[in-house]
Amino acid sequence: MHLQMPGQYPPPTLQSLISSLKVDFDYLKLPEETAFDYYGDFPKDSTTSYLRNFESELSTHLSLPDCVFMPSGVMAQSIMLMINARGEESSFCCHQTSHLLIHEKESYEHLLKLEPEIIDTQKPITYSDVLEKLNGPNSSKIKTVVLEHPHRELGGSLTSFTDLKKIQEICKQKNVKFHLDGARIWEASGAYNGEKSLKDITGCFDSCYVSFYKGLGGITGAALLGSHEFCEEARIWLRRFGGNLFCLSPYAVSCWAGFRRNVTECEGVGFVEKAEKMKRVVGLLKGDEEISSVLSFRTETVEICFCQGIIQGTRSECEKAEKAVFEETGVHVFSRLRGEFGEEKMYFEWNMGEVNGRIEDQVFLENWKLFARELKEK
């Protein structure tokens, strides 16, 4: 892929960049003369900057006042924690499986000098969990409650909407910020049986982080949303963190295209439809005696288009059986095993996406039946 890079004058137009990324320029409905962003286009507004226009579209869709595009989610959530800490000796409250704890090399400690108050449970966070922490011995130090929705490490589980509203109220009473780790928030479009919109969910929070490569197909990128004052401060911290890049166009353009294609205009199979298909297919697999003897699921019910499957077998046995199925049918029943789940059990993550969302339900059933037979022969 060849890109004309900024610094060559006159600068290339955004149209030429989008063309090089194989994204339809007309699809994004941007003026031809729109050029690259420079250092986030902070002095500009949504009428003169495509990047600020993108941020405005996001904040409107998620019903939060303002938005800042950022290179990564780790940076976005670190900035959020720094703003809420206000330079004080403080802590944040989160689930024991939070990305902040298990995937970021303790950046909260080494970079931010913060301590976590950990909710120790294998279930989604509830109002009672938060209330206990906010009334606990270290409650005066807690400045932020971070809630992942859906919970990735819990197989796509959701905190109930009733609990979200109650946590929102107790956080307001305690003057604690309530933040949404929405790395997979797009998948939650099909949550609560479709009865709650994304705006209903994000409206429970003071701030929100979203990702664009998970589920939307962006190159990479994230956004941090909140009040105007919060986002203005986030722009300052973005510079301090080294995230205010000279030009964000390659990332932002692909993220915007993915957002429109999969969320606002939904050209293919939407997230609600993907969730319905996932529920239907998982129901078929669980109802088959042969398959269910080797395959189970992390959660009793599947609520969105993402789940975790658990296979009764060693890594070697599972991989050999999967390879045998692929060689016979050309179908992969899973992409990769993530790790062990107890003695001689492996688990994998399963997303119902644009491609497999178009596969007939019966194909899933037939190939998993074949996998079950292959596994039992190993």
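Keep in mind it's a predicted model, so treat the numbers as computed, not measured.

**Student:** Teacher, can you tell me more about the packing of helix 3 (residues 50-62) against helix 11 (residues 249-264) here?
**Tutor:** The geometry of a pair of packed helices is captured by two quantities: the angle between their axes and the separation between those axes. It is the contact of helix 3 with helix 11, at a shortest axis distance of 11 Å, that shows an interaxial angle of 35°. Read as a crossing pair, helix 3 and helix 11 show a hand that is left-handed. Residue-level contacts link Tyr50, Leu51, Asn53, Phe54, Glu57, Leu58 and His61 of helix 3 to Ser249, Ala252, Val253, Cys255, Trp256, Phe259, Arg260, Val263 and Thr264 of helix 11. Taken together, the residues of the contact of helix 3 with helix 11 break down into ten nonpolar, four polar and two charged.

**Student:** Where do I start with the packing of aromatic side chains in this structure?
**Tutor:** Within a pair of aromatic rings, the relevant descriptors are the distance that separates the centres and the angle that separates the planes. Counted under the stated rule, the structure contains 20 aromatic pairs. When the centroid spacing of 5.3 Å and the interplanar angle of 15° are considered together, the rings of Phe54 and Trp256 count as stacked. Taken together, the residues Phe54 in helix 3 and Trp256 in helix 11 connect sequence positions 202 residues apart. Across the pair, Trp256 and Phe54 agree in class, each one buried. Considering the side-chain rings of Phe334 and Phe371, the 6.0 Å spacing of their centres and the 85° angle between planes classify their relative orientation as edge-to-face. Of this pair, Phe334 sits in the loop between helix 14 (315-329) and strand 10 (339-340) while Phe371 sits in helix 15 (residues 361-377), placing them 37 residues apart in sequence. Its end group placed over the ring of Tyr39, Arg239 keeps NZ or CZ at 5.2 Å from the ring centre.

**Student:** Quick question: what am I supposed to make of the UniProt feature "domain: Aromatic amino acid beta-eliminating lyase/threonine aldolase" (unreviewed entry) in the chain here?
**Tutor:** The positions UniProt marks with the feature "domain: Aromatic amino acid beta-eliminating lyase/threonine aldolase" (unreviewed entry) are residues 52-246. Taken end to end, residues 52-246 comprises 36% helix and 19% strand; its first and last C-alpha atoms sit 15 Å apart.

**Student:** Explanation requested: the sheet that holds strand 8 (residues 295-297) in the structure shown.
**Tutor:** The strands that make up a sheet are held in pairs by hydrogen bonds between backbone atoms, and each pair lies either parallel or antiparallel. Spatial ordering of the open sheet is given by 8-9-11-10, a layout of four strands whose pairing is antiparallel. Among the strands making up the open sheet, the edge pair consists of strand 8 and strand 10. Sheet analysis places strand 8 next to strand 9 (residues 306-312), joined by three bridges and oriented antiparallel. Among the inter-strand pairings, Leu295 is bridged to a residue of strand 9, identified as Ile311. Along the sheet, helix 12 (residues 271-286) contacts strand 8, strand 9 and strand 11 (345-351); its crossing angle with strand 11, the most-contacted strand, is approximately 150°.

**Student:** Explanation requested: the sheet that holds strand 6 (residues 207-211) in the structure shown.
**Tutor:** Pairing in this open sheet of seven strands is mixed, and the strands run 1-7-6-5-4-2-3 from one edge to the other. This sheet does not close on itself; its edge strands, each paired only once, are strand 1 (66-70) and strand 3 (115-119). Neighbour-to-neighbour, the strand axes of this sheet turn through a mean angle of 20°, independent of strand direction. Note: strand 1 against strand 7 (residues 222-226), five bridges, orientation antiparallel. Bridge assignment links Phe69 to a residue of strand 7, and that residue is Ala223. Strands in contact with helix 4 (residues 73-85) are strand 1, strand 2 (91-95), strand 4 (142-148), strand 5 (177-182), strand 6 and strand 7; relative to strand 4, the strand with the most contacts, it is inclined by about 150°.

**Student:** I tried to follow the confidence of the model for the chain on my own but got confused; where do I start?
**Tutor:** Reading fine detail from the predicted coordinates is not recommended where pLDDT is low. Taken as a whole, the chain shows an average pLDDT of 89; of its residues, 90% reach a score of 70 or greater. Below pLDDT 50 for its whole length, residues 1-10 participates in 14 contacts with residues either more than four positions away or in separate chains.

**Student:** Mind showing me how you'd approach the layout of surface pockets here?
**Tutor:** The gaps of empty space that remain are located by a probe, the size of a water molecule, rolled over the atoms. Estimates place the volume of the largest pocket at around 420 Å³. Taken together, 18 residues line the largest pocket, and the ones lying closest to its centre are Val333, Phe334, Ser335, Trp350 and Asn356. Looking at the lining of the largest pocket, the elements with two or more residues in it are strand 11 and helix 15. For the lining of the largest pocket, the class distribution of residues is nine nonpolar, five polar and four charged.

**Student:** Sorry if this is basic, but what is going on with helix 11 here?
**Tutor:** An α-helix turns once per 3.6 residues; consequently, residues spaced three or four apart project the same way. The element helix 11 is extensively covered by neighbouring structure, given that 13 of its 16 residues are classed as buried. Trailing helix 11 by a residue or two, Cys266 shows a phi angle of about 45°, which is positive.

**Student:** Got a minute to help me understand the side chain of Glu322 in this structure?
**Tutor:** Along the chain, Glu322 falls in helix 14. No salt bridge forms around the buried Glu322; measuring N to O, its nearest opposite-charge neighbour Lys323 is 9.0 Å away. Reaching out from Glu322, the side chain makes a polar contact with the side chain of His332 at a distance of 2.7 Å. In this view, Glu322 contacts Val331, His332, Val333, Phe334 and Phe371; residues no more than four positions away in its chain are not counted.

**Student:** I tried to follow helix 4 on my own but got confused; where do I start?
**Tutor:** The end-to-end C-alpha distance of helix 4, which contains 13 residues, comes to 18 Å, matching closely the 18 Å that a straight helix rising 1.5 Å per residue would cover. The buried fraction of helix 4 amounts to twelve of the 13 residues, a majority that puts the element mostly inside the structure. For helix 4, the set of buried residues is Gly73, Met75, Ala76, Gln77, Ser78, Ile79, Met80, Leu81, Met82, Ile83, Asn84 and Ala85. The opening residue of helix 4 is Ser72, an N-cap whose side-chain oxygen sits 3.2 Å from the backbone nitrogen of Met75. Residue Arg86 follows helix 4 closely and has a positive phi angle near 55°.

About the criteria used
Residues numbered from 1 in each chain as written. Predicted model: local features only at pLDDT ≥ 70, side-chain atom pairs only at ≥ 80, totals over all residues. Heavy atoms only, no water. Axes fitted to C-alpha atoms, helices over the stretch in contact; angles between N-to-C directions. Helix = DSSP H or I, 4+ residues; strand = E, 2+ residues; numbered from the N terminus. Left-handed = near helix turned anticlockwise from the far one by under 90°. Contact = heavy atoms within 4.5 Å. Nonpolar A, V, L, I, M, F, W, Y, C, P; charged D, E, K, R; others polar. Phe/Tyr/Trp six-rings, centres within 6.5 Å; stacked < 30°, edge-to-face > 60°. Buried < 20%, exposed > 50% of the residue type's maximum accessible area, 1.4 Å probe, protein only. Lys NZ or Arg CZ within 6 Å of the ring centre and 35° of its normal. UniProt positions renumbered as here; feature names shortened; annotations may be inferred. Pairing = 2+ DSSP bridges. pLDDT = per-residue confidence, 0-100. 1 Å grid on protein atoms, 1.4 Å probe; cavity = no way out; pocket = protein on both sides within 12 Å on 5 of 7 lines; lining within 4 Å. Points joined across faces, edges and corners; volume = space filled by probe spheres on them. Lys, Arg positive; Asp, Glu negative; His and termini not counted. Salt bridge = Lys/Arg side-chain N within 4 Å of Asp/Glu carboxyl O. Polar contact = N/O pair within 3.5 Å; in protein donor to acceptor, adjacent residues only side chain to side chain. Expected span 1.5 Å × (residues − 1).

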